[in-house]
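An overview of the molecular structure
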Amino acid sequence: MTVQTGTTGTRRRDDSSRRREGRAAWILAIPFCLLFLAFTAWPVIQSLFMSFTDTRARDLRNPFAVNLVGFDNFAKALSDPTFRKAAGNTAYFVLVGMPLTLVVALAAAVALDKGITRFRAIFRLGFYMPVITSIVAVAVVWRFLLQDPGGLINTVLGWVGITGPNWLGDPNWSMPSLILMAAWRNFGTAMIIFLAGLQAVPAELHEAAAIDGAGAWKRFRFVTLPLLRPTLLFVMVTTAIGYLQFFEEPYVMTKGGPLNSTISLSMSTYQQFGFGNYGLASAMSYLIFVVIAIVTAIQFRLLRERT
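All of these numbers come straight from a predicted model, not from anything done at the bench. (Residues numbered from 1 in each chain as written. Predicted model: local features only at pLDDT ≥ 70, side-chain atom pairs only at ≥ 80, totals over all residues. Heavy atoms only, no water.)

Here we come to the packing of helix α10 (residues 229–244) against helix α13 (residues 278–303). At a minimum axis distance of 10 Å, the contact between α10 and α13 shows a crossing angle of 165 degrees. Judged on the interaxial angle alone, α13 and α10 are roughly antiparallel. The way α10 lies across α13 gives a crossing that is right-handed. Across the interface between the two elements, Arg229, Leu232, Leu233, Met236, Val237, Ala240, Ile241 and Leu244 from α10 touch Ile288, Val291, Ile292, Val295, Thr296, Gln299, Phe300 and Leu303 from α13. (Axes fitted to C-alpha atoms, helices over the stretch in contact; angles between N-to-C directions. Helix = DSSP H or I, 4+ residues; strand = E, 2+ residues; numbered from the N terminus. Parallel < 35°, antiparallel > 145°, perpendicular 65-115°, else oblique. Left-handed = near helix turned anticlockwise from the far one by under 90°. Contact = heavy atoms within 4.5 Å.)

Laid out in structure tokens, this is it:
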């Protein structure tokens, strides 16, 4: 009987201790929860409600006088030629820019992991430096490189008898120029993640494959890549999400031109906010969210099954 009483007392003390810890945890979490509700959850809910109304800038003084319009804003966005042009530009940017970024990042990671033995830290810092550099500084440098006439790239091409195009002023070359700049600026993040994944691959597997007669390419294809699949999934998802929301590159470099050839979904949405069409802009924002969710789900479907 004494043993049972002692066990019951111990359980009560444990339960009391867990309750105190739980209360302490909630007390410490309350400031974050309040800030999250005030500055994240409530604006998201408000913007969702706004997307079903005809809210404009003039309605901010009397927000309860707006009218519910249902899905009219979504239909208007999907029928807007500028928004559809922006959707095509964004798809082009993602479908070309993301593979280019991943290939360059993986190649740089492999070089740092196996090929480069001297000054590895310097190369790593140099490859990652564009990521932490201000987009304004990057834009100024790249506009100097790409401007026509007088840009450094066209000047160098002229030395070998090649007449370079108007990189930022020609609708056929403006988007490829932004993709090149974005890949150069963003591959450093993916490179660091790939490098961590490569260093986690057991060396014994490469040694066993080499003993079986596998060359460097076969070892990379059949040993390294399958083990990098979780890392590849993470990098693909984060890169795609970032590129689907790309805004700074066209805003700083081209203002969406020429002829809307570089306008993006985020930039089109930003313009509608600037025009005061808050309901329409909110609907556009949620369309971008739906596209991001669908693309992410497809990537998980393609890669996670074998992860």
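And the narrative resumes.
All right, on to the side chain of Arg185 then. Within the secondary structure, Arg185 sits in helix α7 (residues 171–199). In this structure, Arg185 is buried with no salt-bridge partner, the nearest side chain bearing the opposite charge being Glu249 at 4.2 Å. Sequence-distant contacts of Arg185, defined by excluding residues within four places in its chain, comprise Pro130, Val131, Thr133, Ile135, Val138 and Glu249. (Buried < 20%, exposed > 50% of the residue type's maximum accessible area, 1.4 Å probe, protein only. Lys, Arg positive; Asp, Glu negative; His and termini not counted. Salt bridge = Lys/Arg side-chain N within 4 Å of Asp/Glu carboxyl O.)

Take a nonpolar patch on the surface next. Together, Phe144, Leu152, Val156, Trp159, Val160 and Ile162 make up an exposed nonpolar region whose accessible area comes to about 650 Å². Take the nonpolar patch: its biggest share by element is 3 residues, from helix α6 (residues 152–159). As for its placement among the helices and strands, Trp159 is situated in helix α6. With relative accessibility at 67%, the residue Trp159 sits in the exposed group. (Patch = residues over 30% accessible without salt bridge, like charges linked within 9 Å, V, L, I, M, F, W, Y side chains within 5 Å. Areas by Shrake-Rupley, 256 points an atom, 1.4 Å probe, with all protein chains shown as cover.)

This brings us to the packing of aromatic side chains. Inspection of the entire model under this criterion finds 13 aromatic pairs. Geometrically, the ring pair formed by Phe93 and Phe246 is stacked, given 3.8 Å between the ring centres and 0 degrees between the ring planes. Here the residue Phe93 occupies a position in helix α3 (residues 81–115), and Phe246 occupies one in the loop between α10 and α11 (248–253), the gap between them amounting to 153 residues. Across the pair, Phe246 and Phe93 agree in class, each one buried. Clustering of aromatic rings is evident, with ring pairs tying together Phe52, Phe71 and Phe74. Here the guanidinium or amino end of Lys255 rests over the ring plane of Tyr251, the centre of that ring lying 4.1 Å away. (Phe/Tyr/Trp six-rings, centres within 6.5 Å; stacked < 30°, edge-to-face > 60°. Lys NZ or Arg CZ within 6 Å of the ring centre and 35° of its normal.)

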